[in-house]
Amino acid sequence: MENVCIAIDIGGTNLRLCLVDGAGRVLFRERQPTDIDRGRDDFLGRLCSGIARLKRKGAAEGGRVVGIGVGVPGLISNEGLVYSSVNLRPLEGLNLRQQISETMELPSFIVNDANAWAWGEKCFGAGKGMASFLMLTLGTGVGSGLVLNDRLWTGIDGVAGEFGHATVEPAGRPCRCGNHGCLEQYASANAIVSATLEALHKGGDSCLSATSPMEITSAMIADAAAKGDALARSMFDEAGRYLGIAAAAAANMLNLEGIILGGGVAASFGLLVEAMRREVVARAFPIPARRLRIIRSELGDDAGILGAAAMAMAGN
Ligand SMILES: [Zn+2]
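Residues numbered from 1 in each chain as written. Predicted model: local features only at pLDDT ≥ 70, side-chain atom pairs only at ≥ 80, totals over all residues. Heavy atoms only, no water.

Undergrad: Account for the environment of glycine 262, naming residues and giving values.
TA: By the element assignment, glycine 262 lies in strand E11 (residues 258-262). In this structure glycine 262 comes out as buried when scored by relative accessible area, which is 1%. Placed 13 residues apart in sequence, glycine 262 and alanine 249 show a C-alpha to C-alpha distance of 19 Å. Setting aside its immediate chain neighbours within four residues, glycine 262 contacts Trp117, Met135, Leu136, Thr137, Leu138 and Ser297. (Helix = DSSP H or I, 4+ residues; strand = E, 2+ residues; numbered from the N terminus. Buried < 20%, exposed > 50% of the residue type's maximum accessible area, 1.4 Å probe, protein only. Contact = heavy atoms within 4.5 Å.)

Undergrad: Help me get a handle on the domain arrangement of the protein, residues and values and all.
TA: The domain boundaries assigned to the protein delineate domain 1 (2-120 + 302-314) and domain 2 (129-297). Domain 1 puts 15 residues into the contact, and the matching count from domain 2 is 23 residues. When domain 1 packs against domain 2, close to 1,300 Å² is buried across both sides, 60% of that on carbon and sulfur atoms. In this assembly, domain 1 and domain 2 are joined by zero salt bridges. Looking at the side of domain 1 that touches domain 2, the elements with two or more residues in it are strand E5 (75-76), strand E7 (108-112) and helix H3 (113-124). In terms of residues, the side of domain 1 that touches domain 2 owes the most to one element, H3, which gives five residues. Of the residues belonging to the side of domain 1 that touches domain 2, the class tally is ten nonpolar, five polar and no charged. (Domains from an automatic or database assignment. Buried area = accessible area lost by both parts, 1.4 Å probe. Salt bridge = Lys/Arg side-chain N within 4 Å of Asp/Glu carboxyl O. Nonpolar A, V, L, I, M, F, W, Y, C, P; charged D, E, K, R; others polar.)

Undergrad: Which residues make up the coordination of the zinc ion, and what are the values?
TA: His165 (ND1), Cys175 (SG), Cys177 (SG) and Cys182 (SG) make up the full set of protein donors to the zinc ion, lying at 2.0 to 2.3 Å. The coordination sphere of the zinc ion comprises four donor atoms, whose angles at the metal cover 104 to 118°; the geometry is tetrahedral. Mapped onto the sequence, the residues coordinating the zinc ion show the spacing H-x9-C-x1-C-x4-C. According to the relative accessible area criterion, cysteine 177 is partly exposed, its value standing at 42%. (Donors = N, O, S within 2.8 Å, 3.2 Å for Na, K, Ca; no water. Tetrahedral: all angles 85-135°; square planar, octahedral: opposite > 155°, others 65-115°.)

Okay, here's the thing in structure tokens:
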């Protein structure tokens, strides 16, 4: 009988549940809208019936389901308590680990979604050959996860790795976290869209000028940049510059082997990395700057699922 686990990604929009084996292969997957607005009990009911379905599915396929791993956006304690989650407010204050373990009678592990992504890359992706690296997920926001000496560093309270809220501009744009000038305000998809709209509003020349501002997405800006549009390119250059400022601080402090970029914005990896590298070289000491590789995520959308699965399989 082969050991398998249930790996779950609770996103603001989608709830994904997968059956995963020890080699990181997704054997079965299902997806439904998270619909968190229907309330905590409604959500937990659907979550647990989804887990029960996958448990039956695993048994029917001749597997032994050994645990459950869950990635959640937000600040999560080492014990599985959801301290805060902007996208999943009704889950705040809930010990999700205890809830799931008791209801489903299986050991479960709750982890911040970017930490799950980092661990997925460590076990199955771009982080496989590195003992110490920083994962940055560049999506709607900027998430991060830190792997040090082959272990995920979650901090004394579980909330380490919020590198998206490192200050890169002291009097910069206000951030939803309450700070000003966070990296997230310069390198996320939302930030790139806002900066582009601002540049267009000021009369910047771009092929995007023909598009209604309401319709412009970060993917469209990436497209324009790839086609050589100077204004669009400068937006990624600027995001890369801020990523480089933050990366230089990380390199100097931790002498990491690498930084892995993932998420939608990382699709423009080639545009970001040049500016980022330039900034790291200009700001960090030569030894950590030379050492630091900047590479792209290999797992994409499944990274968090696979990281949560690896935790469930290892039982920690
Ligand atoms: Zn912030």
